[in-house]
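Report on the structure
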Amino acid sequence: MTRLIFFLCLLATATQAQKLAITTPTCEYQHNPLGLDAPTPRFSWVLTTTRRNVLQTGYELVVSRDAGFRDVIWKTGRVKSDQSVLVSYRGPALTAGEKYHWRVRVWDNGGNASAWSTTQSFEMGLLQPGDWTAAWIEPDLPGDAVNKPAPMMRREFTLGKPVATARLYITAHGLYEAHINGQRVGDAYLTPGWTSYNKRLQYQVYDVTPLLKTGVNATGVLLGDGWYRGNLAWADTKNIYGSTLGLLYELRVTYTDGTRQVITSDKQWKSNTGPIVRAGIYYGEAYDARLEKTGWTQTGYTDAGWQGVKVAEGGKDNLVATCGPPVRKHETFRAQKILHTPKGETVVDFGQNLVGWITLKVSGKAGDRITIRHAEVLDREGNFYTDNLRAAQAEVVYTLKGGGQEVYEPRFSFFGFRYIKVEGYPGTLTTENISATALYSDMPSTGSFSTSHPLINQLQHNIRWGQNGNFVDVPTDCPQRDERLGWTGDAQVFARTAAFNRQVAGFFNKWMHDVAADQQADGRIPFVIPNVLGPNDAASTGWADVVTIIPWTMYQAYGDTTFLRQQYPSMKAWVDYMERNSQHDLWNTGFHFGDWLFYRPFDDNDGTSAVTDKYLIAQCFRANSVQLMINAATILGRQDDAQAYSSQLKKIKDAFLREYATPSGRLVSGTQTAYVLALQFDMLPENLRAQAADRLVANVRQYGNHLTTGFLGTPYLCHVLSQTGHTDVAYDLLLQETYPSWLYPVKMGATTIWERWDGQRPDGTFQTPGMNSFNHYAYGAIGDWMYRRITGIRNAAPGYKHITIAPEPGGNVQQAAAELVTPHGIVSSAWKKAGAAFTLDVTIPANTTAEVVLPGAAGKKVIETRTALEQTGFAQKTAGSDITVTLGSGTYHFQYE
């Protein structure tokens, strides 16, 4: 009897595991989002089952005003469709500020039906300027200006009944931190984020129901200069967007009896200053705890000595709902060791170059002052090194109030650092007194990658941490010096790698809106977005092409045509600008950065500097942007545009051959970058491609298996080698450990990607401090080749609806594994070599299909799980030494030798 019960339990468990289920339901890439301004939100879900070959054949979606689905406003009925990603709402117009609930169920190709998904919700934001009741207010404080004490604003209000729900809609000119009844509102930092403020200012929405009480309540908001009026870029530039900080605050309360009350920013607020005596993105933060206003965000606080506020004229036409992920706290790092340098400095090593801030614990007497400075590296003598921060002070100055242990962390700045130097700490500093917290946009982790090679694993670690530290609301070039700007070239070269490591759809959606907003009237794209460098008369190739490359990359990664549709006018304006400014079909005018930071020895007497003609590069990138325009126009059904740009593309390529190539295919620049771009962007006819690849290989060998590429050539170098049958050379480059190479910084102890291949030389000296970041993600673009070639995970259709898994083992790598959370679920690939034996394990998510390439399997006995391949019934074909099998969803184990 016991055995029977046990068997039945096992059978029930197995049956349950095979059931069709829905997981990860999202709305606009988010779980239960607040404050949407998309008029037709889109729903996605993932099918899960242990059965193989599962495809969705239908779905039913229901949207209701209530969680019990009694007040349904839209239901699809059963729709015959395999679409499970970004299904658009098609019901009645949605109401500003209202909450809706939704659920979905599906059917599969086996005739199985899932249960309803868990009930999800989404809530609309304030959709029109007229939806706002609040007015802009500004602190009425004498001497309120940049680099002055941070304003504090407060008011009390009364709620006469029990509260059912409450939402706070809030934004600021500057940065804000809000409190209600002594508690911080939300867990986002550096809000409202950085956008092109004059055109797009985000507001946030918070559920503050638990923070409120019946009776008297208090609220307070701190303001900081931030990106709005603080120092940005160079020449001590300030007040770029405005010179006065301001607050827009609307608290909407719904009582349990259904009535409502709204508390807004108005003349009833008061203002003052407090302990933050100075804060800035580059400066850091100075905090005097003696100036704290204890209890100022709570009821009963006496604010008789506070100043009033001014109701400002600020408009609301530029307000937009937050569509990107907020900046949040993430990993916490304990101090690894406390060093005493040859110069006598007290330095703390956290073991990881990160972006964020420190948390300090200290006891001392009132007036004791601690100064903390931040650095990425130590010099070759082991001393604290900050020359590469340029004019950024990057410091924290904390003045104690006395009377027991004090705990402090900054609010309105962030720092790029591995080391800190501490001065003035009372008593003995221990590793228990200080920690570091990483701060970056809250992008879910989607990819993992590992191999049997420890240096490659560290490289992958460095790529991820380079992304973490530079994805702080905008994709910055570097997070430590007096720059931290959204350089377009850096972002576009890394976008595909970024989309493997983390879910970046919302992040880039938000930023690309600013790219379009800051695009100049004639179609030029500024070098940095948001544009704080002012109007310019140049548009550099490879940088401005961000406007075509990232929308296409995001479409490929997520299958989201909205990226193409929203950015299409911006893409077209840029491509048309190049056409207007070309001569004889050649894009050969104006300023271009070129192959930024390419290999260039200081004392180059024999011409080994890898100088690539900037106009050759420009012509290649122009062709690529036009090709992406053709692709986008075709997908969006704009056939006239597709035809016109196809005609233009032929002229561009013909002009390239006339201007930059000999009849035999030799290019005017014989560099790796020149041949890589010509091959990657299909600038050469078929009969000249093989010789170009051979020239590229010869160049790599000439430099002793070292790369010589800069920002624009590096992302495509290994891809082109693999595409032309030279994956072995790509491995030689990847595994190279001496300068210039990807592994040289790893061997030098790097924990992030460097800006320069030799940021620190073998003798411990540094490259020029004027431009030498040790956290600069662009060269981390090699990650894309590692994922797509070493483990072979590629999207064969946008959004991974159809997948290719084609691993390419090589070098001395004996095993590799990767996993990627696609819009349809997890795809994975893991292979291992042991002598002549080879194994490959793959997972293909439900509602997708895949082509799996078994490298070197032709002519060998291949087993899938326990069945010979020829007996599995899988569709298969042989090409060269490889076998390709066509598979549906499921987990598969292949082995052969």
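Residues numbered from 1 in each chain as written. Predicted model: local features only at pLDDT ≥ 70, side-chain atom pairs only at ≥ 80, totals over all residues. Heavy atoms only, no water.

Thoughts on the overall build of the chain
Just so we agree on the cut-off: A run of H or I in DSSP becomes a helix once it reaches four residues, and a run of E becomes a strand once it reaches two; helices and strands are each numbered from the N terminus. Radius of gyration: C-alpha atoms only; globule rule: 2.2 Å multiplied by the number of residues to the exponent 0.38. The buried label applies to any residue whose accessible area, calculated with a 1.4 Å probe on protein chains only, is under 20% of its type's maximum; exposed applies above 50%, and partly exposed to all values in between. We call two residues in contact whenever any of their non-hydrogen atoms come within 4.5 Å of each other. Surface exposure here means Shrake-Rupley accessible area, sampled with a 1.4 Å probe, where a residue is shielded only by the protein chains that are shown. Lys and Arg are tallied as positive, Asp and Glu as negative. Neither His nor the chain termini are counted. Charge coordinates come from a single atom per side chain, which is NZ of Lys, CZ of Arg, CG of Asp or CD of Glu.
Within the chain, the secondary structure is distributed over 15 helices and 46 strands. In terms of overall dimensions, the chain is globule-like: its C-alpha atoms have a radius of gyration of 29 Å, near the 29 Å expected for 897 residues. Viewed in the frame of its principal axes, the chain has a C-alpha envelope of about 85 × 80 × 65 Å. Evaluated residue by residue, the chain yields a buried proportion of 60% over its 897 residues. Across the chain, the fraction of contacts at a sequence separation of at least 24, relative to all contacts at a separation of at least 6, is 74%. Here the chain displays about 33,300 Å² of accessible surface, and carbon together with sulfur accounts for 49% of that area. Placing the 84 positive and 83 negative side-chain charges of the chain at their respective mean positions leaves the two points 5 Å apart.

Digging into the packing of helix α4 (residues 488-501) against helix α6 (residues 546-558)
What counts, and what does not: Between N-to-C directions, angles span 0 to 180 degrees; the directions come from axes that are lines fitted to C-alpha atoms, helices contributing only their stretch in contact. Any angle between 65 and 115 degrees counts as roughly perpendicular, while under 35 counts as roughly parallel, over 145 as roughly antiparallel, and the rest as oblique. The classification used treats Ala, Val, Leu, Ile, Met, Phe, Trp, Tyr, Cys and Pro as nonpolar, Asp, Glu, Lys and Arg as charged, and all other residues, Gly among them, as polar.
Axis separation between α4 and α6 bottoms out at 9 Å; the angle between their running directions is 10°. By the angle class used here, α4 and α6 are roughly parallel. Contact with α4, carried on its side by T488, A491, Q492, A495, R496 and A499, involves V546, I549, I550, T553, M554, Q556, A557 and Y558 of α6 and no other residues of that element. Among the residues making up the contact of α4 with α6, the classes are represented as nine nonpolar, four polar and one charged.

A short note on the confidence of the model for the chain
Rule in force here: For every residue, the predictor reports its confidence as pLDDT, a number between 0 and 100.
For the chain, the mean per-residue pLDDT works out to 96, and 98% of the residues sit at or above 70. Segment residues 1-17 is flagged for pLDDT under 50; beyond a separation of four residues in sequence, or across chains, it makes two contacts in the model.

Side note on the sheet that holds strand β33 (residues 447-451)
How we decide: What makes two strands pair is DSSP finding at least two bridges between them.
Pairing is antiparallel across the open sheet formed by seven strands, whose spatial order is β33-β38-β39-β40-β46-β42-β43. In this open sheet, the two strands that pair with only one neighbour each are β33 and β43 (867-868). Bridge count for strand β40 (residues 837-844) against strand β46 (residues 890-896) is seven bridges, and the pairing is antiparallel. Bridge pairing in β46 links T839 to Q895.

Some words on the nonpolar core
Put simply, the test is: Among buried residues, those of type Ala, Val, Leu, Ile, Met, Phe, Trp, Tyr and Cys that are joined through side-chain atoms within 4.5 Å constitute a nonpolar core.
Residues F350, M786, V852 and F894 are the most contacted members of the largest nonpolar core, which totals 243 residues. When residues of this core are assigned to their parent elements, the largest contribution, 12 residues, is made by helix α8 (residues 614-635). Excluding its chain neighbours within four sequence positions, the residues that come into contact with F350 are F333, R334, A335, Q336, I358, F417, R418, I420, I434, S435 and A436. In this structure, I22, F43, W45 and V87 belong to the second largest nonpolar core, which totals 23 residues.

Observations concerning the environment of A218
Residue position: A218 is located in strand β15 (residues 215-224). Among the residues examined, A218 registers a relative accessible area of 0% and is labelled buried.

Overview of the pairing of strand β2 (residues 42-48)
The buried fraction of β2 amounts to six of the seven residues, a majority that puts the element mostly inside the structure. Summarising the sheet, strand β1 (residues 21-27) and β2 pair through five bridges and their orientation is antiparallel. Counted as the bridge partner of C27 is F43 from β2. With two bridges connecting them, β2 and strand β6 (residues 87-88) associate as antiparallel partners. Pairing of F43 across the sheet is with V87, part of β6.

Points about the pattern of salt bridges
We apply this condition: Just to be clear on terms, a salt bridge is a Lys or Arg side-chain nitrogen sitting within 4 Å of an Asp or Glu carboxyl oxygen.
On inspection of all chains with the given rule, the structure shows 55 salt bridges. Where K421 meets E423, a salt bridge forms, and the shortest distance between an N and an O atom there is 3.9 Å. Judged by relative accessible area, which is 13%, K421 ranks as buried. What makes E423 partly exposed here is its relative accessible area of 34%. The salt bridge partner of D477 is R481, with a shortest N-O separation of 3.9 Å. Look at D477 and you get buried, because its relative accessible area is 1%. Classification of R481 by relative accessible area gives buried; the value is 1%.

Examining the side chain of N272
Looking at where N272 falls in the secondary structure, it is placed in strand β18 (residues 270-273). Look at N272 and you get buried, because its relative accessible area is 17%.

Some remarks on helix α3 (residues 454-470)
Quick note on the threshold: Take the residue count of a helix, subtract one, and multiply by 1.5 Å to get its expected span.
Here α3 spans 24 Å end to end across 17 residues, near enough to the 24 Å set by a 1.5 Å rise per residue. Counted residue by residue, α3 has 13 buried out of 17 residues, so it is predominantly covered.

What to know about α8
Threshold: By the criterion applied in these results, polar contacts are pairs of N or O atoms within 3.5 Å in which, for protein atoms, one can donate a hydrogen and the other can accept it, and in which residues neighboring in sequence qualify only through two side-chain atoms.
Here α8 contains 22 residues, and its C-alpha end-to-end distance of 32 Å stays within 8% of the 32 Å for a straight helix at 1.5 Å per residue. Counting buried positions along α8 yields 16 of 22 residues, so the element is predominantly enclosed. Its side-chain oxygen 2.8 Å from the backbone nitrogen of Y615, D613 forms the N-cap of α8. With its phi angle positive at about 75°, G637 sits one or two positions after the end of α8.

Regarding unusual backbone geometry
Residue I529 is joined to P530 through a cis peptide bond whose omega torsion reads -5°. By the secondary structure assignment, P530 is in the loop between α5 (505-518) and α6. In this model, Y739 is joined to P740 through a cis peptide bond whose omega is -5°. Examined against the element boundaries, P740 turns out to sit in the loop between α13 (727-734) and α14 (743-747). With a phi angle near 70°, Y29 is a residue other than glycine that sits in the positive phi range. With respect to the element layout, Y29 can be found in the loop between β1 and β2. Y29 gets classed as partly exposed once you look at its relative accessible area, which sits at 23%. Unusually for a residue other than glycine, D585 sits at a positive phi of about 70°. By the element assignment, D585 lies in the loop between α7 (562-580) and α8.

Things to note about the state of the cysteines
Filter applied, for reference: We call a pair of cysteine sulfur atoms a disulfide when they lie within 2.5 Å.
A full pass over the atoms with the stated rule returns zero disulfides. For the unlinked cysteine C323, the closest cysteine sulfur is that of C27, found at 13 Å.

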